[in-house]
Amino acid sequence: MGLPAFAPNDCFVSPGAAFASRPLDGWFSYVKLDEDSGLSCVHAYGPLEWFFAAMLATMAVLASATSLCVAFIFFRRRFKRVVRGRHLEDARKLRETPGITAVIPCYLPNEQYIIEETVDWIMRSVEYAGQLNVLVVYNTPVALPEIQQRLAEMQEDGWPGGRSFKALHVAESRSKAANLNAALKVVEDPYVVVYDADHHPDSDSLLLLWEKMSRRGVDCVQGSY
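Note that the structure is a prediction, hence the values are computed from the model and not measured. (Residues numbered from 1 in each chain as written. Predicted model: local features only at pLDDT ≥ 70, side-chain atom pairs only at ≥ 80, totals over all residues. Heavy atoms only, no water.)

Please give an account of the sheet that holds strand 4 (residues 100-107) that cites residues and values.
Reading across the sheet, the four strands line up as 6-5-4-7 and stay open at both edges, with parallel pairing between neighbours. The strands lining the two open edges of the sheet, one partner per strand, are strand 6 (164-169) and strand 7 (191-194). Neighbouring strand axes in the sheet, compared pairwise and without regard to direction, differ in orientation by 25° on average. Pairing between strand 4 and strand 5 (residues 132-139): eight bridges, direction parallel. Directly across from alanine 102, in strand 5, lies its bridge partner valine 134. Across the face of the sheet, helix 5 (residues 145-154) comes into contact with strand 5 and strand 6 while running at roughly 145° to strand 6. Relative to strand 7, helix 7 (residues 205-216) is tilted by about 135°, and along the sheet it contacts strand 4, strand 5 and strand 7. (Pairing = 2+ DSSP bridges. Helix = DSSP H or I, 4+ residues; strand = E, 2+ residues; numbered from the N terminus. Axes fitted to C-alpha atoms, helices over the stretch in contact; angles between N-to-C directions. Contact = heavy atoms within 4.5 Å.)

Outline the side chain of asparagine 133, listing residues and values.
Relative to the assigned elements, asparagine 133 resides in strand 5. Judged by relative accessible area, which is 14%, asparagine 133 ranks as buried. For asparagine 133, the side chain forms a polar contact with the side chain of serine 164, separated by 2.6 Å. Once residues lying within four places of it in the same chain are set aside, the contact partners of asparagine 133 are Ile100, Thr101, Ala102, Ser164 and Asp189. (Buried < 20%, exposed > 50% of the residue type's maximum accessible area, 1.4 Å probe, protein only. Polar contact = N/O pair within 3.5 Å; in protein donor to acceptor, adjacent residues only side chain to side chain.)

Can you explain the pattern of salt bridges? Please cite residues and give values.
The final tally for this structure, using the stated rule, is six salt bridges. In this structure, arginine 150 engages glutamate 116 in a salt bridge whose closest nitrogen and oxygen atoms are separated by 3.1 Å. Residue arginine 150 is located in helix 5, and its partner glutamate 116 is located in helix 4 (residues 115-125); the two are separated by 34 residues in the primary sequence. Judged by relative accessible area, which is 31%, glutamate 116 ranks as partly exposed. A residue is classified by how much of its surface remains accessible, and arginine 150, at 28% relative accessible area, is partly exposed. Overlapping salt bridges bring together Glu116, Arg150, Glu153 and Asp157 as one network. (Salt bridge = Lys/Arg side-chain N within 4 Å of Asp/Glu carboxyl O.)

Can you lay out the packing of aromatic side chains for me, pointing to particular residues and giving the numbers?
For any two aromatic rings, the description comes down to two numbers: the centre-to-centre distance and the angle of the planes. Tallied over the full model, the rule gives six aromatic pairs. Aromatic pair tryptophan 159 and phenylalanine 165: ring centres 6.5 Å apart, planes at 65°, arrangement edge-to-face. Just as tryptophan 159 is buried, phenylalanine 165 falls in that class too. Ring-pair connections join several aromatic residues into one group, and the members of that group are Tyr30, Tyr45 and Trp50. (Phe/Tyr/Trp six-rings, centres within 6.5 Å; stacked < 30°, edge-to-face > 60°.)

Describe the state of the cysteines, listing the residues and the values that go with them.
Following the criterion strictly, the structure yields one disulfide and no others. The disulfide partner of cysteine 11 is cysteine 41, and the S-S distance across this bridge is 1.9 Å. On the sign convention where negative means left-handed, the S-S torsion of about 105° between cysteine 11 and cysteine 41 marks this disulfide as right-handed. Taken together, the positions of cysteine 11 in strand 1 (residues 11-12) and cysteine 41 in strand 3 (residues 40-44) put the pair 30 residues apart, joining distant regions of the chain. No difference in accessibility class separates cysteine 11 from cysteine 41, as the two residues are buried. (Disulfide = S-S within 2.5 Å.)

Written out as structure tokens, the structure reads:
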């Protein structure tokens with residue numbers, strides 16, 4: 001049965017014939033039933049269809065990029081854990097473990113309630129085979145006799161592993177940078193590590209820090225948490 005004389009060339013009696021006639025395997029057209037004539041007609045995609053196609057393509061690209069980033073982070077963390085474990089074993093075998101001073105600059109009015117806990121954490125939880133000394137350098141615009149007395153008393157406490165603690169009040173200081181400058185004038189150890197007043201570093205972080213400095217022969221390492 002042939003097409004009616006009035007039917008356009010892109011309309012067909014059967015849907016199969018319409019699908020078969022789509023150019024480029026139908027990448028740029030679709031088949032729609034014409035309700036008036038009952039014919040299956042091939043239509044080219046219009047601006048609206050192209051807009052949605054572009055949106056879908058963009059979403060697919062973003063989803064793929066996100067998946068790749070997640071996979072990269074996942075495997076990178078697993079790899080770092082393996083490498084970190086190996087480096088930690090090497091760090092514990094190092095024979096050269098020079099003295100290190102942990103400097104904690106502190107603005108007492110804001111950090112008076114957390115500084116004791118930070119000092120206690122570093123003294124008791126941070127692993128290091130060599131001598132570790134902790135120095136709190138602080139400034140305060142007003143007298144805080146209770147916490148200042150407690151810091152003075154902590155200098156006499158018996159810390160594990162022969163570790164020592166000192167507190168230095170920098171009276172003329174107006175910033176933590178000035179506190180650090182004052183600390184560097186009194187530090188006697190060859191190496192210094194700087195912690196924030198609220199920082200509870202990982203127990204093995206100092207070991208890994210020294211291992212990396214020793215292995216790479218560098219003088220300064222900056223880390224982030």
